[in-house]
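The chain contents come next:
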Amino acid sequence: MKLGIFILFFVLTAVIFWPILGQNKVIINDFTLYHNYPLVSFVGGFFNDYGTLPSWLPGYLSGFPYYLGQFLPVSHFLLFSRFFSFLTAFNLAIFAGFLGGCLTIYLLARNLGLSRPASVTTALIYTFSQLNMWLSSMLAFNVFLFILPSLFLLALKLSRGWQPMTGFWAGALIVALSWYSVFSEFLVFSLIALILFAVWLDFWGKREVKKFWLRFRTTVLTTLFVLVGTLAGSLKILPTLGFLEHSVRAKGALGSTTFFGLGDLVTQFFPYFSLPYSNFVSFLNNNFNLYIGVMALALAVA
């Protein structure tokens, strides 16, 4: 990546977030304002005072176990909090996440064969989309901006002959850290999409190869590093799964017990919109999923 591209993304990101970087403003988002700010402030202060993370959050839901929440045991915020006040560290972490998203998506687009202008456009559309601008003011989503394209870039590199053991351990490390740093539900869907991307790379890119290992090496390596990384993340996953049945979201009130529902999975991969009175399709979780853009699908299949 040329220095000019980095400077371009750095300047554009800084301009967009200048109100919080240069004018000491705060982000008015209900979740950020009422959940992220107080919790992250407490965790950052505790970490700086005692050199470790808390086991209990006394100010959340009248007390809540730290390890059961989406409160980032691993976060770039903790690095910034060592040198800056809470609000400055939080704002720098938000800025760094968006900048990282621009850079990693740009690299992915370039490796997929897009030109520099097309790659810059892709990076800006992905990073500064309406959904990301809203969600990624929360740290559990902000980290995801650069983790997701990094994993897809890694799979792409493996499909092109990058050193398999280096790629495997790099992937396992990213997945393991992700379980401790990003919003878990997004990570589940993203890891499924990552494996499907690896299958696509092998199936369409190596049709002339007959031996299974050589043809589906990327799929095997990707699946293995996802499994190993998930195993390393089990210290976070298992207590959370055990707690779900005791939570206020139990019995499927807001979807926790339909975590792996078919409808939830489908809507992550295909554009859709909901129609009223469509709950007769029960296995789609009351969303009637419709494809948008038949031509795009036809071109993709072709």
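Conventions used here
Residues numbered from 1 in each chain as written. Predicted model: local features only at pLDDT ≥ 70, side-chain atom pairs only at ≥ 80, totals over all residues. Heavy atoms only, no water. Helix = DSSP H or I, 4+ residues; strand = E, 2+ residues; numbered from the N terminus. Buried < 20%, exposed > 50% of the residue type's maximum accessible area, 1.4 Å probe, protein only. Contact = heavy atoms within 4.5 Å. Areas by Shrake-Rupley, 256 points an atom, 1.4 Å probe, with all protein chains shown as cover. Expected span 1.5 Å × (residues − 1). Core = buried A, V, L, I, M, F, W, Y, C linked by side-chain atoms within 4.5 Å. Phe/Tyr/Trp six-rings, centres within 6.5 Å; stacked < 30°, edge-to-face > 60°. Axes fitted to C-alpha atoms, helices over the stretch in contact; angles between N-to-C directions. Parallel < 35°, antiparallel > 145°, perpendicular 65-115°, else oblique. Left-handed = near helix turned anticlockwise from the far one by under 90°. Nonpolar A, V, L, I, M, F, W, Y, C, P; charged D, E, K, R; others polar. pLDDT = per-residue confidence, 0-100.

Peer 1: So what exactly am I meant to see when it comes to the overall build of the protein here?
Peer 2: Broken down by element type, the protein carries 16 helices and 2 strands. Buried positions account for 43% of the 302 residues belonging to the protein. Taking as baseline every contact in the protein between residues at least 6 positions apart, the subset at least 24 positions apart corresponds to 62%. Accessible surface, the protein: about 16,700 Å² in total, of which carbon and sulfur atoms supply 70%.

Peer 1: Whenever I open this one, helix α5 (residues 86-111) confuses me. Can you help?
Peer 2: Since the α-helix turns once every 3.6 residues, residues separated by three or four places project in the same direction. The end-to-end C-alpha separation of α5 is 37 Å, in line with the 38 Å expected for 26 residues at 1.5 Å each. Burial within α5 is extensive, with 20 of its 26 residues counted as buried. Positive phi shows up at Gly113, right after α5, with a value of about 100°.

Peer 1: Even after reading the chapter, I still don't get the side chain of Ser136, so can you show me in this structure?
Peer 2: Structurally, Ser136 is set in the loop between α7 (130-135) and α8 (139-142). In contact with Ser136, other than residues within four places in its own chain, are Ile94, Phe98, Phe141, Asn142 and Leu145.

Peer 1: How do you make sense of the nonpolar core when you look at a structure like this?
Peer 2: Ranked by size, the top nonpolar core spans 61 residues in total, and within it Phe9, Phe77, Trp179, Leu191, Leu194 and Phe225 carry the most contacts. By residue number, the principal contributor to this core is α5, which donates 13 residues. Each residue touching Leu191, except ones within four places of it in the same chain, is listed here: Leu151, Val175, Trp179, Val226 and Thr230.

Peer 1: What exactly am I supposed to notice about the side chain of Thr13 here?
Peer 2: Relative to the helices and strands, Thr13 resides in helix α1 (residues 3-16). Among all residues touching Thr13, those that are not within four sequence positions of it are Phe95, Phe98, Leu99, Cys102 and Phe128.

Peer 1: In this structure, what is going on with the packing of aromatic side chains? I would like to understand it.
Peer 2: Note on aromatic pairs: each is described by the distance of the centres and the angle between the planes. What the rule picks out here adds up to 18 aromatic pairs. Aromatic side chains Tyr37 and Phe86 sit 6.0 Å apart centroid to centroid with 85° between the ring planes, which places their arrangement in the edge-to-face category. On the criterion of sequence distance, the pair formed by Tyr37 in helix α3 (residues 30-50) and Phe86 in helix α5 is long-range, its members being 49 residues apart. Taken together, the ring pairs connect Tyr37, Phe77, Phe86 and Phe90 into an aromatic cluster.

Peer 1: How should the packing of α5 against helix α6 (residues 116-127) be read in this particular structure?
Peer 2: Between two packed helices, the angle of one axis relative to the other and the distance separating the axes together describe the packing. In the contact formed by α5 and α6, the axes pass within 8 Å of each other and the chain directions differ by 140°. Classified by the interaxial angle, the pair formed by α5 and α6 is oblique. With respect to the hand of their crossing, α5 and α6 are arranged in right-handed fashion. Here α5 contributes Phe98, Gly101, Cys102, Ile105, Tyr106, Ala109 and Arg110 to the contact with α6, which in turn contributes Arg116, Ser119, Val120, Thr122, Ala123, Leu124, Tyr126 and Thr127.

Peer 1: Whenever I open this one, helix α13 (residues 217-232) confuses me. Can you help?
Peer 2: In a regular helix each residue adds 1.5 Å, so 16 residues correspond to 22 Å; α13 covers 22 Å between its end C-alpha atoms and thus fits that length. All buried positions along α13 are accounted for by Arg217, Thr218, Thr219, Leu221, Thr222, Phe225, Val226 and Gly229.

Peer 1: I tried to follow the packing of helix α9 (residues 144-159) against α13 on my own but got confused; where do I start?
Peer 2: Contact geometry for α9 and α13: axes closest at 9 Å, N-to-C directions at 140°. Taken together, α9 and α13 sit at an angle that is classed as oblique. Two packed elements cross with a definite hand, and for α9 against α13 that hand is right-handed. Within the contact between the two elements, α9 uses Leu151, Leu154, Ala155, Leu158 and Ser159 and α13 uses Arg217, Thr218, Leu221, Thr222 and Phe225. Grouping the constituent residues of the contact of α9 with α13 by class yields 6 nonpolar, 3 polar and 1 charged.

Peer 1: I'm lost on the confidence of the model for the protein in this one. Help?
Peer 2: Low-pLDDT portions of the prediction should not be read for the details of their coordinates. Put simply, the protein has an average pLDDT of 76, and 74% of its residues get 70 or more. Ranking the elements of the protein by mean pLDDT puts helix α15 (residues 262-269) last with 48 and α13 first with 92. Per-residue pLDDT stays below 50 along residues 250-264; that stretch engages in 24 contacts with residues further than four places along the chain or on separate chains. With pLDDT under 50 throughout, residues 266-293 is counted as low confidence; its partners more than four residues away or in other chains account for 38 contacts.

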